[in-house]
Amino acid sequence: MHFGPRNRHLYIEILNKQEENEPQILLPDDYKPPTDAYVAARLIDWAPDCNGTFFEDDVVVVRESMIEEIKIGVEKFLVVLENYVIAVMEEEFEEADIN
């Protein structure tokens, strides 16, 4: 299925976060551990009315709380509004360097 964002939205994929091996303890089901305020994400597609200059596979830095998850059937898509992009990573790097 092709997902084509509109209204200045960017279709992104969050880069893998490294999970630390911590001792397992029982926590409430609704508990969410604290996260970093910003995440790096790979740009997959963007709306035609975006004002910025983006390229496929750009790595953008966005505020994690502004990312919206859209579920259509069994598929999930992550989008963020263009104005929540804080930076575009321009140097070549490995994903492991970010996380």
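This text goes with the structure placed above it.
Just so you know, these numbers come straight off a predicted model, no measurement behind them.

Topic: the overall build of the protein
Within the protein, the regular secondary structure consists of 1 helix and 6 strands. Surface exposure of the protein reaches about 7800 Å², of which carbon and sulfur atoms provide 47%.

Regarding the nonpolar core
By size, the foremost hydrophobic cluster in this structure holds 13 residues, and its most contacted members are Leu10, Ile12, Val60 and Val62. Of all the secondary structure elements, the ones that give two or more residues to this core are β1 (9–14), β2 (38–46) and β3 (59–63). If you tally residues by element for this core, the top one is β2, at 3 residues. Those residues in contact with valine 62, other than ones at most four positions away along the chain, are Ile12, Ala37, Tyr38, Val39, Ile67, Val80, Tyr84 and Val85.

Observations regarding the pairing of β3
Burial within β3 is extensive, with 4 of its 5 residues counted as buried. Inspection of the sheet shows β2 paired to β3 by 5 bridges, in the antiparallel sense. When the sheet's bridge partners are listed, tyrosine 38 is paired in β3 with arginine 63. Alignment of β3 against strand β6 (residues 85–89), held across 4 bridges, turns out to be antiparallel.

As for unusual backbone geometry
Of note, asparagine 7 is a non-glycine position whose phi angle comes to about 55°, a positive value. By the element assignment, asparagine 7 lies in the segment before β1. On the basis of relative accessible area, asparagine 7 is assigned to the exposed category, the value being 58%. A positive phi angle, close to 65°, is found at arginine 8, a residue other than glycine. Summarising the element assignment, arginine 8 is placed in the segment before β1.

Considerations on the pattern of salt bridges
Per the counting criterion, the structure on display carries 2 salt bridges. In this structure, glutamate 82 and arginine 8 form a salt bridge, with 3.2 Å as the shortest nitrogen-oxygen distance. On the criterion of sequence distance, the pair formed by glutamate 82 in the loop between β5 (75–81) and β6 and arginine 8 in the segment before β1 is long-range, its members being 74 residues apart. Across the salt bridge formed by glutamate 69 and lysine 71, the nearest N and O atoms sit 3.7 Å from each other.

What to know about the sheet that holds β5
Reading across the sheet, the 6 strands line up as β4-β5-β1-β2-β3-β6 and stay open at both edges, with antiparallel pairing between neighbours. Each edge of the open sheet carries a strand with a single partner, namely β4 (68–72) and β6. The mean angle between the axes of side-by-side strands here comes to 45°, regardless of whether they run parallel or antiparallel. Across 5 bridges, β1 lies against β2 in antiparallel orientation. Considered in β2, the bridge of isoleucine 14 is made with alanine 41.

Analysis parameters
- Residues numbered from 1 in each chain as written.
- Predicted model: local features only at pLDDT ≥ 70, side-chain atom pairs only at ≥ 80, totals over all residues.
- Heavy atoms only, no water.
- Helix = DSSP H or I, 4+ residues; strand = E, 2+ residues; numbered from the N terminus.
- Areas by Shrake-Rupley, 256 points an atom, 1.4 Å probe, with all protein chains shown as cover.
- Core = buried A, V, L, I, M, F, W, Y, C linked by side-chain atoms within 4.5 Å.
- Buried < 20%, exposed > 50% of the residue type's maximum accessible area, 1.4 Å probe, protein only.
- Contact = heavy atoms within 4.5 Å.
- Pairing = 2+ DSSP bridges.
- Salt bridge = Lys/Arg side-chain N within 4 Å of Asp/Glu carboxyl O.
- Axes fitted to C-alpha atoms, helices over the stretch in contact; angles between N-to-C directions.

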